[in-house]
Amino acid sequence: MLGPTSTTSANPYASALDHLRDELHLVFLRVQRYIARYGHRMVQADGRLSNLYVSFEEARAQLGGLESTAPVATREGWPDVAASESAIMAQREHIDARLAATAASGEPVSLPLEELRQSFRLTDADVDTLLAATAPTLSVDLARLYTFAWADFAVKLPSVGFLAELLEGPGAASAAAPIAEPHSVLFRRRLLLTRDSGAFGTPTPHFHRGVLPADSISSWLVGRPGPLPPALSSAGRLWLPSESPQVSAILGVEPHLDRLRAALSRLGRPGGPAAIVLEGPAQSGRRSLVQGLAAERGLATLEVRASDLRGQSLSDALAEGAREATLRRATLLLRLDGLVDDSAWLAENASAIRTAAGRSGDGVVLLTLRPSAALLRQLEEPVLVVFAKVEPAVQRAV
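How each quantity is defined
Residues numbered from 1 in each chain as written. Predicted model: local features only at pLDDT ≥ 70, side-chain atom pairs only at ≥ 80, totals over all residues. Heavy atoms only, no water. Pairing = 2+ DSSP bridges. Helix = DSSP H or I, 4+ residues; strand = E, 2+ residues; numbered from the N terminus. Axes fitted to C-alpha atoms, helices over the stretch in contact; angles between N-to-C directions. Parallel < 35°, antiparallel > 145°, perpendicular 65-115°, else oblique. Left-handed = near helix turned anticlockwise from the far one by under 90°. Contact = heavy atoms within 4.5 Å. Nonpolar A, V, L, I, M, F, W, Y, C, P; charged D, E, K, R; others polar. Salt bridge = Lys/Arg side-chain N within 4 Å of Asp/Glu carboxyl O. Buried < 20%, exposed > 50% of the residue type's maximum accessible area, 1.4 Å probe, protein only. 1 Å grid on protein atoms, 1.4 Å probe; cavity = no way out; pocket = protein on both sides within 12 Å on 5 of 7 lines; lining within 4 Å. Points joined across faces, edges and corners; volume = space filled by probe spheres on them. Core = buried A, V, L, I, M, F, W, Y, C linked by side-chain atoms within 4.5 Å. pLDDT = per-residue confidence, 0-100.

Comments concerning the sheet that holds strand E6 (residues 330-335)
Here is step 1 of the chain: As summarised here, the arrangement of the 6 strands in space is E3-E5-E6-E7-E4-E8, forming an open sheet in which the pairing is mixed. Of all strands in the sheet, those bounded by a partner on one side alone are strand E3 (236-239) and strand E8 (383-386). Shown here is a sheet whose adjacent strand axes are inclined to one another by a mean of 20°, direction ignored.
Here is step 2 of the chain: In the sheet, E3 pairs with strand E5 (residues 300-305) via 4 bridges, with the strands oriented antiparallel.

Concerning the packing of helix H11 (residues 254-266) against helix H12 (residues 286-296)
Here is step 1 of the chain: Close contact between H11 and H12 brings their axes to 10 Å; oriented N to C, the two are set at 55°. Accordingly, the angle class assigned to the pair H11 and H12 is oblique. Two packed elements cross with a definite hand, and for H11 against H12 that hand is right-handed. Every residue of H12 that contacts H11 at Leu-257, Leu-260, Arg-261 and Leu-264 is listed here: Leu-289, Leu-293 and Glu-296.
Here is step 2 of the chain: Looking at the contact of H11 with H12 residue by residue, the class counts come to 5 nonpolar, no polar and 2 charged.

Description of the environment of Ser-234
Here is step 1 of the chain: Locating Ser-234 in the fold gives a position in the loop between helix H10 (230-233) and E3.
Here is step 2 of the chain: Residues Ser-234 and Leu-309, 75 residues apart in the sequence, show an inter-C-alpha distance of 8.6 Å.
Here is step 3 of the chain: For Ser-234, the contacting residues outside a window of four places in its chain are Arg-305 and Asp-308.

Concerning the pattern of salt bridges
Here is step 1 of the chain: This model, assessed by the stated rule, comprises 19 salt bridges.
Here is step 2 of the chain: The residue Asp-22 makes a salt bridge to Arg-98 at a minimum N-O spacing of 3.3 Å. Taken together, the positions of Asp-22 in helix H1 (residues 16-38) and Arg-98 in helix H3 (residues 81-105) put the pair 76 residues apart, joining distant regions of the chain.
Here is step 3 of the chain: Here Arg-92 makes a salt bridge to Glu-23, at a shortest N to O gap of 3.6 Å. In this pair, Arg-92 sits in helix H3 while Glu-23 sits in helix H1, placing the two residues 69 residues apart along the sequence.
Here is step 4 of the chain: Taking the relative accessible area as the measure of exposure, Glu-23 reaches 1% and is therefore buried.
Here is step 5 of the chain: Through salt bridges that share partners, Glu-23, Arg-30, Arg-92, Asp-96 and Asp-128 make up one connected network.

Considerations on the environment of Leu-63
Here is step 1 of the chain: Relative to the helices and strands, Leu-63 resides in the loop between helix H2 (56-62) and H3.
Here is step 2 of the chain: Each C-alpha atom, one on Leu-63 and one on Gln-32, is 7.0 Å from the other, the two residues being 31 residues apart in sequence.

Describing empty space enclosed by the protein
Here is step 1 of the chain: Under the defined criterion, the tally for this structure stands at 2 cavities of 30 Å³ or more.
Here is step 2 of the chain: Of the voids in this model, the second largest cavity is the one considered here, and its volume is about 40 Å³.
Here is step 3 of the chain: In this structure, the second largest cavity is lined by Ala-16, His-19, Leu-20, Pro-112, Leu-113 and Leu-221.
Here is step 4 of the chain: Per-element tally for the lining of the second largest cavity: the top contributor is H1, with 3 residues.
Here is step 5 of the chain: When the residues that make up the lining of the second largest cavity are grouped by side-chain class, the tally is 5 nonpolar, 1 polar and no charged.

Thoughts on the nonpolar core
Here is step 1 of the chain: Of all hydrophobic cores here, the largest spans 52 residues; its most connected members are Tyr-146 and Leu-163.
Here is step 2 of the chain: Of all the secondary structure elements, the ones that give two or more residues to this core are H1, H3, helix H4 (112-119), helix H5 (124-138), helix H6 (140-150), helix H7 (160-167), helix H8 (185-188) and helix H9 (215-221).
Here is step 3 of the chain: With 10 residues, H1 is the largest single contributor of residues to this core.
Here is step 4 of the chain: Other than its neighbours up to four places away in sequence, Tyr-146 contacts Val-27, Val-31, Ala-132, Ala-135, Pro-136, Pro-158, Phe-162, Leu-163 and Leu-166.
Here is step 5 of the chain: With 25 residues, the next largest nonpolar core counts Ala-275, Ile-353, Leu-366 and Leu-379 among its residues.

Quick notes on the confidence of the model for the chain
The predicted structure's coordinates, where accompanied by low pLDDT, should not be read in detail.
Here is step 1 of the chain: Across the chain, pLDDT averages 80, with 79% of residues at or above 70.
Here is step 2 of the chain: The weakest mean pLDDT in the chain belongs to helix H17 (residues 392-397) at 56; the strongest belongs to H5 at 93.
Here is step 3 of the chain: Within the model, the stretch residues 68-72 combines pLDDT values under 50 with 9 contacts to residues more than four positions away or in other chains.

Written out as structure tokens, the structure reads:
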């Protein structure tokens, strides 16, 4: 059972799971408030609560062993909205105090949720929404309580509407949760995904769409970064800093070194380029130089080969790549080599490439034998670096 968290101390967090337990208890309190607020929807004509997949006894036990002299199938003795609001405020203050104590302690404790906040520039409301959507994948108890709360046998995932009501603050003037906005950062950056539940292929309104977190987000929150998602696993590779070559060992790139180092330091930053295009023949040192310069800054390199994405949605794959690059602190490297004669394909997908450049926290670097004019126009003033053909003597030396 999800038990209450002590609010009498502000000890620093000892681990990521310690922090996550506190945050999940906050979600639990919000479910408690939701049931107090909207429990009337569960009442049947005879006054009993709807009993679908989760029994009243189980829900009562999860909500804290509530005592009541009334039959178990009624709402008498259940939490009220005011008590739930007070508990939510107290838990929020408790978490903030412990975060402050953790920062003041100077101990190197990794808190993945706070790292997500910083990497994706999330607001407090974004973080609350992400946790509420992810909670059923992290806690069986919360998954069961969610099922009890929405009281609908046809529902398999928390919907946008359910999560918006779950996060609704006190008073009619409370701000709407970010999940209510289809173009919020949570959906644009693919931290949360939606599923269309319409019958016979009919479009589902946004508020009725099911919501689930990306697998890598759930893994990240429990401190276990998972493998690359299926859309990237066959077309991409993550090069860790330790696997990247040293810049000093890469021959023939000296003319581009200072310019590219400066461009990469500003890539994706305000006032900096959203994309860098490296034009040149194969084996001219383009990829190695990007890997080496990224490693200098402590970044990995996520390489995605566009030629291996033919036949699938480039937009979806690049959106996944942009998320994974930010999540794993990597420079997103998109290889367009092999598409030199397919200028129509490049022009058709130039918009998707530009969108990926905007979504990636550190921008995107593109390798191409010869960029299409349409692609350069879409990228809006990228940094273009042209690598010369490598002389055979240099290739032999390498």
